[in-house]
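Results of the structural survey
Spelled out, the chains give:
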Amino acid sequence: MADTNQANGSDVVDNVSVEVAELALEPKESTKTAEVAVAKTPEPASTSEGTNGTPPTAKPAASSAAFKEQFKAFSKFGDTKSDGKHLTLSQSDKWMKQAKVIDKKITTTDTGIHFKKLKSIKLTFEDYNKFLDDLAKTKKVELEEIKSKMANCGAPGVHNATPGKAAETVARLTDTSKYTGSHKQRFDDSGKGKGIAGRKDMVDQSGYVSGYSHKNTYDKTH
């Protein structure tokens, strides 16, 4: 009996020890579970921000719709029968000149070489994009920069002209104060033209001797 009681007592102690051990382990397991959950929580994606905390402004890309409309417009430039779906090298060069894409870095020689790589006299819109991409890579110029200029250069043939030598020449020719000799006699003191009297010697039929300085003063003095 004594042995049996001792055995039961030891079993009770063992059971209590197990329960205590389980209780001791539970917080650790819950803590470990929480740590695992935290580790699995995805971090917010990092974003590049400007100095004032706002995202940096991206460089505006050329509008594909505007670029395509310009393609159609220039494909009809100088060709009334064009359907607006194909562009020739000549039309392309006019477009690129107006957009100021053709300059010292990109020349008409460059455009001619890259255009002919596609082995076609006229390019479709898709092939024209390939032409520009190839040209931009070769000349190390941003493709979007080229397209942006071409999309916003205005209607075909529209140029922001500035007064040049022609305007200066016109201004000089119309300045009557600089006329000399017989040409000066064609205008009065205010610069107004005298008409035929400024071009021909008219016969004086007033009765006065030519060159008489007191003409038309007789009635005023007598």
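Residues numbered from 1 in each chain as written. Predicted model: local features only at pLDDT ≥ 70, side-chain atom pairs only at ≥ 80, totals over all residues. Heavy atoms only, no water.

1. Concerning the packing of helix 3 (residues 89-98) against helix 5 (residues 125-139)
Rule in force here: Geometry is summarised by axes, namely lines fitted to C-alpha atoms with helices restricted to the contacting stretch, and by angles between N-to-C directions that run from 0 to 180 degrees. Only runs of H or I of at least four residues qualify as helices and only runs of E of at least two qualify as strands under DSSP, and these elements are numbered from the N terminus. The cut-offs work like this: below 35 degrees is roughly parallel, past 145 is roughly antiparallel, 65 to 115 is roughly perpendicular, and the gaps in between are oblique. A clockwise turn of the near helix away from the far one marks a right-handed crossing, whereas an anticlockwise turn of less than a right angle marks a left-handed crossing. Note on contacts: a residue pair qualifies if any of its non-hydrogen atoms lie within 4.5 Å across the two residues. Under this grouping Gly is polar, as are all residues other than the nonpolar Ala, Val, Leu, Ile, Met, Phe, Trp, Tyr, Cys and Pro and the charged Asp, Glu, Lys and Arg.
Two elements in contact, helix 3 and helix 5, have axes separated by 13 Å at closest approach and are oriented at 55 degrees. Regarding the angle of helix 3 to helix 5, the classification is oblique. Two packed elements cross with a definite hand, and for helix 3 against helix 5 that hand is right-handed. Every residue of helix 5 that contacts helix 3 at Ser92, Trp95 and Met96 is listed here: Tyr128, Phe131, Leu132 and Leu135. Classifying every residue of the contact of helix 3 with helix 5 gives six nonpolar, one polar and no charged.

2. So, the side chain of Ser75
What counts, and what does not: Summary of the burial criterion: residues with accessible area below 20% of their type's maximum are buried, those above 50% are exposed, and those between are partly exposed, where the area comes from a 1.4 Å probe applied to protein chains only.
Topologically, Ser75 is positioned in helix 2 (residues 64-75). Owing to a relative accessible area of 1%, Ser75 belongs among the buried residues under this scheme. Excluding its chain neighbours within four sequence positions, the residues that come into contact with Ser75 are Ser82, Gly84, Lys85, His86, Leu87 and Gln91.

3. Side note on the nonpolar core
Here is the rule: Side-chain atoms within 4.5 Å link the members of a nonpolar core, which is a set of buried Ala, Val, Leu, Ile, Met, Phe, Trp, Tyr and Cys residues.
Core analysis: the largest hydrophobic core is formed by 22 residues, its most contacted members being Phe67, Trp95, Met96, Tyr128, Phe131, Leu132 and Met150. Element by element, the count of residues in this core is highest for helix 5, at six residues. When neighbours within four sequence positions are excluded, Leu132 is seen to be in contact with Phe67, Met96, Leu143, Ile146, Lys147 and Met150.

4. Here we look at unusual backbone geometry
A positive phi is found at Lys100, a non-glycine position, where the angle reads about 60 degrees. With respect to the element layout, Lys100 can be found in the loop between helix 3 and helix 4 (108-116). Phi at Lys119 takes a positive value of approximately 55 degrees, unusual for a residue other than glycine. In this fold, Lys119 is placed in the loop between helix 4 and strand 2 (122-123).

5. Some remarks on the packing of aromatic side chains
For clarity, the threshold we go by: Any two of the Phe, Tyr and Trp rings considered here, Trp counted by its six-membered ring, make a pair once their centres fall within 6.5 Å; the pair's planes then place it as stacked at under 30 degrees, edge-to-face at over 60, or tilted in between.
Applying the stated rule across the entire model yields nine aromatic pairs. Between the aromatic rings of Trp95 and Tyr128, the centroid separation amounts to 5.8 Å while the plane-to-plane angle is 10 degrees, which identifies the pairing as stacked. Of the two residues, Trp95 is situated in helix 3 and Tyr128 in helix 5; the sequence distance between them amounts to 33 residues. According to the relative accessible area criterion, Trp95 is buried, its value standing at 0%. Seen from their ring centres, Tyr128 and Phe131 are 5.2 Å apart, and the 40 degrees between their planes marks the pair as tilted.

6. Considerations on the side chain of Gln70
Looking at the secondary structure, you find Gln70 in helix 2. For Gln70, a relative accessible area of 9% corresponds to the buried category. Ignoring anything within four residues of it in the chain, the contact list for Gln70 reads Trp95, Met150, Ala151, Cys153 and Gly154.

7. What about helix 2?
Under the convention used in this document: By definition here, a helix of n residues has an expected span of 1.5 Å times n minus one. Think of it as the arc spanned by the lines of direction from the helix axis to the C-beta atoms.
The end-to-end C-alpha distance of helix 2 is 16 Å, a good match for the 16 Å that twelve residues give at a rise of 1.5 Å each. Buried residues of helix 2: Phe67, Gln70, Phe71, Phe74 and Ser75, and no others. Considered in projection along helix 2, the buried side chains sweep an arc of 130 degrees and stay on one side of the axis.

8. Some points on the environment of Gly112
Residue position: Gly112 is located in helix 4. Judged by its relative accessible area of 11%, Gly112 falls in the buried class. Residues Gly112 and Ser90, 22 residues apart in the sequence, show an inter-C-alpha distance of 9.2 Å.

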